[in-house]
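Topology and contacts: notes
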Amino acid sequence: GILIFILLISAAAAYAIDKYLNKNDTPEETLRRAIAKGEIVPFYQPIVNGREGTLRGVEVLARWKHPKAGYISPASFIPVAEKSGLIVPLTQSLMMQVAANMNAIASKLPSGFHVGINFSASHITSLTFVEECLRYRDSFNRDDLNLVIEVTEREPLDVDEDLVQRLNTLHENGFVIALDDFGTGYSGLSYLHDLHIDYIKIDQSFVGRVNDFPDSTRILDCVLDLARKLSLSIVAEGVETKAQLDYLNKNNIVFLQGYYFYKPVTFTEFVMILLSKPKV
Ligand code: C2E
Ligand code: CA
Ligand code: CA
Ligand code: CA
């Protein structure tokens with residue numbers, strides 16, 4: 001069942017890209033060219049400290065800035081990138097753009113500001129990953145930012161020793177490790193002992209279910225309880241309503257991300273948001 005579902009998703013994604021380009025090109029070839037032309041760009045979604053109303057950081061989300069179609073969602077090209085290995089050059093391109101963007105506003109960023117990028121497992125287990133991350137860190141003018149590695153995978157995460165070891169090395173080197181989509185994976189729990197995780201991101205499918213009815217928080221209550229028992233710090237994503245915000249506040253979840261606060265925005269828009277906030 002799952003496999004067929006994944007195949008269907010991939011086919012849909014391939015089709016989505018297909019309709020934008022020459023008939024002769026495969027989706028992979030189309031994407032390869034887009035990466036080379038710098039058409040994959042970073043959007044930034046602010047993460048807020050709900051208690052203090054300050055900006056805690058940003059998550060970088062890939063967008064394809066297509067000359068004809070406008071901005072294309074990552075759901076249509078990240079699966080193609082992961083399947084073809086193009087996720088490595090795609091993410092490298094984002095890392096360079098993100099460092100350049102952050103350097104351009106270096107004096108405006110609060111100390112400890114979090115800058116998170118999504119990394120697919122197949123990239124993390126590639127041979128040069130640790131080296132790439134260390135170079136990425138060196139490309140920042142500021143050395144007091146928190147560079148976050150969000151471990152992301154839509155398919156069940158195949159966590160092997162290699163992945164754990166690489167992430168732990170980066171953790172020792174000052175990187176912040178975040179586990180994305182907590183509560184949705186298959187192997188999510190078995191390796192939590194070996195992996196030095198700084199925080200987890202509660203998936204929006206849990207947060208999105210919260211409404212004014214007491215019953216609606218049952219699953220989220222369990223996920224939060226699990227996270228607390230494992231002593232993991234928590235970021236809640238997909239916060240869209242006041243009811244969700246109130247629930248999270250009541251449960252002492254401080255770091256929040258979602259349309260209730262900000263959507264993912266261009267770098268220019270992010271700079272305006274940053275400048276409109278008092279510096280802390
Ligand atoms: P994710 O890492 O879980 O990112 C959060 C997604 O939720 C983003 O979708 C964001 O726009 C969306 N979101 C944020 N707040 C809200 C909200 O309040 N309500 C709702 N309904 N959605 C909200 P987006 O940008 O379409 O990205 C989808 C997924 O694609 C990401 O999920 C991530 O898994 C993947 N992705 C995006 N960029 C990259 C990347 O550069 N590399 C990799 N490997 N994956 C990426
Ligand atoms: Ca993420
Ligand atoms: Ca997520
Ligand atoms: Ca997700």
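Please read these numbers as outputs of a predicted model, since none were measured by experiment.

**Observations concerning the overall build of the chain**
- Scanning the chain from terminus to terminus reveals 11 helices and nine strands.
- Among the 280 residues that make up the chain, the fraction classed as buried is 50%.
- In the chain, once contacts between residues fewer than 6 apart in sequence are set aside, the share between residues at least 24 apart is 67%.
- When the accessible surface of the chain is summed, it comes to about 14100 Å², and 55% of that surface belongs to carbon and sulfur atoms.

**Digging into the packing of helix 4 (residues 87–104) against helix 6 (residues 129–138)**
- In the contact formed by helix 4 and helix 6, the axes pass within 10 Å of each other and the chain directions differ by 15 degrees. One way to sum up the angle between helix 4 and helix 6 is to call them roughly parallel. Here helix 4 runs over helix 6; the crossing is right-handed. Between helix 4 and helix 6, the residues in contact are V88, Q92, M95 and V98 and E132, C133 and Y136, respectively.
- Of the residues contributing to the contact of helix 4 with helix 6, the split by class is five nonpolar, one polar and one charged.

**Digging into the coordination of the calcium ion (ligand 4)**
- Around the calcium ion (ligand 4), the protein contributes the donor atoms D181 (OD) and D181 (OD), at 2.9 Å from the metal centre.
- In this model, the calcium ion (ligand 4) sits 3.6 Å from the calcium ion (ligand 3), the two metals being bridged by D181.

**Here we look at the coordination of the calcium ion (ligand 3)**
- Protein coordination at the calcium ion (ligand 3): the donors are D180 (OD), D181 (OD), E237 (OE) and E237 (OE), at 2.0 to 2.9 Å from the metal.
- Residue classification places D180 among the buried positions, given a relative accessible area of 11%.

**Section: the confidence of the model for the chain**
- Put simply, the chain has an average pLDDT of 89, and 87% of its residues get 70 or more.
- As a predicted assembly, this complex carries a pTM of 0.91 together with an ipTM value of 0.97.

**Comments concerning the pairing of strand 7 (residues 199–202)**
- Taking every second residue as pointing to the same face, both faces of strand 7 are buried, with Y199 and K201 on one and I200 and I202 on the other.
- In terms of strand pairing, strand 6 (residues 176–182) meets strand 7 through three bridges, oriented parallel. Bridge assignment links L179 to a residue of strand 7, and that residue is I200.
- Here strand 7 runs beside strand 8 (residues 233–236); their pairing, made up of four bridges, is parallel. Bridge assignment links I200 to a residue of strand 8, and that residue is I234.

**Some points on the packing of helix 6 against helix 7 (residues 161–172)**
- The geometry of helix 6 relative to helix 7 is characterised by a closest axis approach of 10 Å and an angle of 20 degrees between their N-to-C directions. With respect to helix 7, the element helix 6 is oriented roughly parallel. Viewed along their axes, helix 6 and helix 7 form a crossing whose handedness is right-handed. On helix 7, the residues that touch F129, V130, C133 and L134 of helix 6 are R166, T169 and L170.

**Side note on the nonpolar core**
- One finds M102, I149, I202 and F270 to be the most contacted residues of the largest nonpolar core, which totals 63 residues.
- Residue contributions to this core peak at five residues, all from helix 11 (residues 267–276).
- The contacts of I149, once residues within four sequence positions are left out, are I117, F119, F129, C133, L167, L170, F175, V176, I177 and A178.
- Among the nonpolar cores identified, the runner-up in size contains 16 residues, and L31, I35, I40 and F77 belong to it.

**Observations regarding the pairing of strand 8**
- Note that strand 8 and strand 9 (residues 255–256) share two bridges and pair parallel. Bridge pairing links A236 to L256 in strand 9.
- For the crossover from strand 8 across helix 10 (residues 242–250) to strand 9, the handedness is right-handed.

**Points about the pattern of salt bridges**
- For the structure on display, the rule yields 13 salt bridges.
- For R166, the salt bridge identified is with D162, shortest N-O distance 3.0 Å. With R166 and D162 both in helix 7 and four residues apart, this pair spans about one turn of that helix.
- In this structure R166 comes out as buried when scored by relative accessible area, which is 13%.
- Through salt bridges that share partners, D25, E29, R32 and R33 make up one connected network.

**Some details on the packing of aromatic side chains**
- For the coordinates displayed, the defined rule picks out eight aromatic pairs.
- Ring centres 4.8 Å apart and planes at 70 degrees place the aromatic pair F43 and Y71 in the edge-to-face group. Within this pair, whereas F43 is found in strand 1 (residues 40–49), its partner Y71 is found in strand 3 (residues 70–72), the two being separated by 28 residues in sequence.
- By relative accessible area, which is 10% here, F43 ends up buried.
- Ring geometry for W64 versus F77: centroids 6.0 Å apart, planes at 85 degrees, classification edge-to-face. Taken together, the residues span a long stretch of sequence, with W64 in strand 2 (residues 54–66) and F77 in the loop between strand 3 and helix 3 (78–84) at a distance of 13 residues. Here W64 and F77 have matching classes, each one buried.
- In this structure, R56 packs its charged tip against the face of Y199, placed 5.2 Å from the ring centre.

Criteria and thresholds
- Throughout this document, residue positions are counted from 1 along each chain, in the order its sequence is written.
- Throughout, the order in which chains and ligands are written sets their labels, letters from A for the former and numbers from 1 for the latter.
- It should be noted that, the model being predicted, local features are given only for residues of pLDDT at least 70 and side-chain atom pairs only at 80 or more, the latter also being counted only at that level, while totals for whole chains, interfaces and linings use all residues.
- Values shown for side chains rest on all heavy atoms present in the structure; no hydrogens or waters enter the calculation.
- A run of DSSP states H or I qualifies as a helix once it reaches four residues; a run of E qualifies as a strand once it reaches two. Both are numbered from the N-terminal end.
- We call a residue buried when its accessible area falls under 20% of the maximum for its residue type, exposed when it is over 50%, and partly exposed in between, using a 1.4 Å probe and counting protein chains only.
- Every residue pair with non-hydrogen atoms within 4.5 Å of one another is taken to be in contact.
- For the accessible areas, the method is Shrake-Rupley and the probe is 1.4 Å, while residue cover comes only from the protein chains on display.
- Angles run from 0 to 180 degrees between N-to-C directions of axes, and those axes are lines fitted to C-alpha atoms, restricted for helices to the stretch in contact.
- With respect to orientation, any angle under 35 degrees is reported as roughly parallel, any angle over 145 as roughly antiparallel, any angle of 65 to 115 as roughly perpendicular, and every other angle as oblique.
- Handedness of a helix crossing follows the sense of rotation of the near helix relative to the far helix, less than a right angle counterclockwise being left-handed and clockwise being right-handed.
- The residue classification treats Ala, Val, Leu, Ile, Met, Phe, Trp, Tyr, Cys and Pro as nonpolar and Asp, Glu, Lys and Arg as charged. All others, Gly included, are polar.
- Counted as donors are the N, O and S atoms within 2.8 Å of the metal, or 3.2 Å for Na, K and Ca, while water is not among the atoms, so some sites may look incomplete.
- Scored between 0 and 100, pLDDT is the confidence that the predictor attaches to each residue.
- Note on pairing: DSSP must find at least two bridges between two strands before they are called paired.
- Here, nonpolar core means buried Ala, Val, Leu, Ile, Met, Phe, Trp, Tyr and Cys residues that are tied together by side-chain atoms lying within 4.5 Å of each other.
- Handedness rule for crossovers: strands pointing away from the viewer, path from the first strand over the helix to the second running clockwise, crossover right-handed.
- Salt bridge, as used here: a side-chain nitrogen of Lys or Arg that lies within 4 Å of a carboxyl oxygen of Asp or Glu.
- Classification of ring pairs rests on two measures: the distance between centres of Phe, Tyr or Trp rings, Trp counted by its six-membered ring, which must be within 6.5 Å, and the angle between planes, read as stacked under 30 degrees, edge-to-face over 60 and tilted in between.
- Definition used: whenever NZ (Lys) or CZ (Arg) falls within 6 Å of the ring centre and also within 35 degrees of the ring normal, the charge is taken to sit over that ring.

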